[in-house]
Amino acid sequence: MSGAAYPNLNEGMKMEHCSKKGFNQKFKPADHGFLTTPEREYQFAHNPEDCPEEETTDNNSGLKSRTLQKLNTLMETKTVKDGHLREEEVLAVVLYTGPMFKVYNSVL
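Residues numbered from 1 in each chain as written. Predicted model: local features only at pLDDT ≥ 70, side-chain atom pairs only at ≥ 80, totals over all residues. Heavy atoms only, no water.

A.B. asks: Any details on the confidence of the model for the chain? Residues and values, ideally.
C.D. replies: When pLDDT is averaged along the chain, the result is 87, and 92% of the positions lie at 70 or above. At the low end of the mean pLDDT range in the chain sits helix H6 (residues 101-107), at 87; at the high end sits helix H4 (residues 78-82), at 97. (pLDDT = per-residue confidence, 0-100. Helix = DSSP H or I, 4+ residues; strand = E, 2+ residues; numbered from the N terminus.)

A.B. asks: Can you break down the environment of Glu 41 residue by residue, with the values?
C.D. replies: Of note, Glu 41 is situated in helix H2 (residues 38-46). Take Glu 41: its relative accessible area is 4%, and that puts it in the buried class. Between the C-alpha atom of Glu 41 and that of Leu 68, which follows or precedes it by 27 residues, the distance is 11 Å. Apart from residues no more than four positions distant in its own chain, Glu 41 is found in contact with Phe 34, Thr 36, Arg 66, Leu 95, Pro 99 and Met 100. (Buried < 20%, exposed > 50% of the residue type's maximum accessible area, 1.4 Å probe, protein only. Contact = heavy atoms within 4.5 Å.)

This is the structure we're talking about:
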């Protein structure tokens, strides 16, 4: 997930997570007991209702460990509005604060 910037950030983010090299490479975040891929995480960020319930619960404690919200809901929050954030920026935060942090940090 590096290289030249894309002129259309939305399209570039989608390509990086859904079609570029590594998009379907499975990984297991340390704090979750499931395998996922960049493509799945991108899809869940856009359609949180598609995320299986077992992937939102900590295997050890049984407690909810992951809460996904629709992007359009997040776009309406005071924080996003006050910060004049674009959808791409909110999407990046959603992805980074989920399992994708493991992939992103391995590249840095």
